[in-house]
Amino acid sequence: MKAFILRSSILGFGILGLGALLVAGAAHATDSSHFDIAITVDDLPDHGSTPVGGMTRVGIERAEIVALKAHNVPQAWGFVNAHGLVGEPDSIVVLKEWRAAGFPLGNHTYSHMGLSNSKIQAWTADLEEGEPVLDALMQGENWRFLRFPFLDGGNATNHDAAIAYLNAHHYRIADVSVSFNDWAYTETYNRCLGKGDEATIAMMKTRYISAVRAEIARMKAMSQKVYGRMIPQVLLTHIGSFASVMLPQVLDELDKAGAHYVTLEQAESDPAYAETDPKAGEGSLMERTAGEKGIDLSGLPAGVAINDIDGLCK
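Computed from a predicted model, the values in this text were never measured in an experiment.

Calculation criteria
Residues numbered from 1 in each chain as written. Predicted model: local features only at pLDDT ≥ 70, side-chain atom pairs only at ≥ 80, totals over all residues. Heavy atoms only, no water. Phe/Tyr/Trp six-rings, centres within 6.5 Å; stacked < 30°, edge-to-face > 60°. Disulfide = S-S within 2.5 Å. Helix = DSSP H or I, 4+ residues; strand = E, 2+ residues; numbered from the N terminus. Buried < 20%, exposed > 50% of the residue type's maximum accessible area, 1.4 Å probe, protein only. Pairing = 2+ DSSP bridges. Salt bridge = Lys/Arg side-chain N within 4 Å of Asp/Glu carboxyl O.

**A word on the packing of aromatic side chains**
A full pass over the atoms with the stated rule returns nine aromatic pairs. Members of the aromatic cluster, connected to one another through ring pairs, are Y185, Y189, Y208 and F242.

Have a look at this one:
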């Protein structure tokens, strides 16, 4: 309450300053040339097959941390499938170094179990099986953020039961508003590395950056279409071989597009993430909201197809 003892001249200046900040904030919300975005990373400690060509799980993680720090990303939640530690116990180093970098860890279920094709009892048991590792590594900090595997929010039978369980156990959903589909390139990139096919790798990199630019344009247009403003975004990426190589360029593209990096908690404090949502956690937030509100998304900038990526280097 110290503000109340300020002299009137200082108080007047403060009010004017606050007004300027509010105006600036409103302009920021509607001006898509600048936007807040939180970076999140799925499938720690091991996304995809065992890396080849000298890459290691730890090397991938370190490369991603270097890129995030170089771009002053304040936080990157890593969502963990602890089952990966069974086959590759040494990959616990990935999780420890993620924490040492100051980044938090959340739950992605123990075995990356999709909700729609699972019984709710099996799914919640799988979720709980992933908790001891998080509890140990987070050392008293909150780790109760869930990223639904496959962005699968469940079918009509089990979605509401899952949400009730998450609420009762104080979980928050780590929603997604934008993805560049790096996951689709992981296995193909590993195959191309194994074959030494540098020409195909170069083509994939060029194509991927083109896709990133297209998705950023689509993201901005969709936010304006659905909300009439630029909402804070949440990017989904992975701890994969291809993702780690491309992350510096991805962040460069976000920088050029006007990104301001924030925490997941800051992004999800926006009202867009708190709307009543009968399919919370399913797919992409903005597309899901558009569907629920009957908003036509035709005419928006198109994304780039990924359905032929898996056929390369075979």
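From this point, the discussion proceeds with the structure in view.
**Digging into the state of the cysteines**
Here, disulfide denotes a covalent bond that connects the sulfur atoms of two cysteines. Under the definition given, this model contains one disulfide. Between C192 and C313 runs a disulfide, and the two sulfur atoms are separated by 1.9 Å. A torsion of 105 degrees about the S-S bond marks the disulfide between C192 and C313 as right-handed. In this pair, C192 is assigned in helix α8 (residues 186–195) and C313 in the segment after α12 (285–293), connecting sequence segments 121 residues apart. Summarising the burial analysis for this pair, C192 and C313 share the class buried.

**Some details on the pairing of strand β7 (residues 233–238)**
Counting buried residues along β7, six of its six residues qualify, which places the element largely inside the surrounding structure. Burial along β7 is two-sided: the residues Q233, L235 and T237 and V234, L236 and H238 are all buried. Taken together, the six bridges between strand β1 (residues 35–44) and β7 define a ladder with parallel strand orientation. Each bridged residue has a counterpart across the sheet, and for T40 the counterpart in β7 is L236. Across two bridges, the pairing between strand β6 (residues 178–179) and β7 is parallel. When the bridges of β7 are listed, S179 appears paired with L236.

**Considering the pattern of salt bridges**
In this structure the tally under the stated criterion is 13 salt bridges. The residue R288 makes a salt bridge to D175 at a minimum N-O spacing of 2.8 Å. One end of the pair, R288, is in helix α12; the other, D175, is in the loop between β5 (172–173) and β6, and 113 residues separate them in sequence. Both residues of the pair, R288 and D175, count as buried. Members of the salt-bridge network, linked through shared partners, are R191, D310 and K314.

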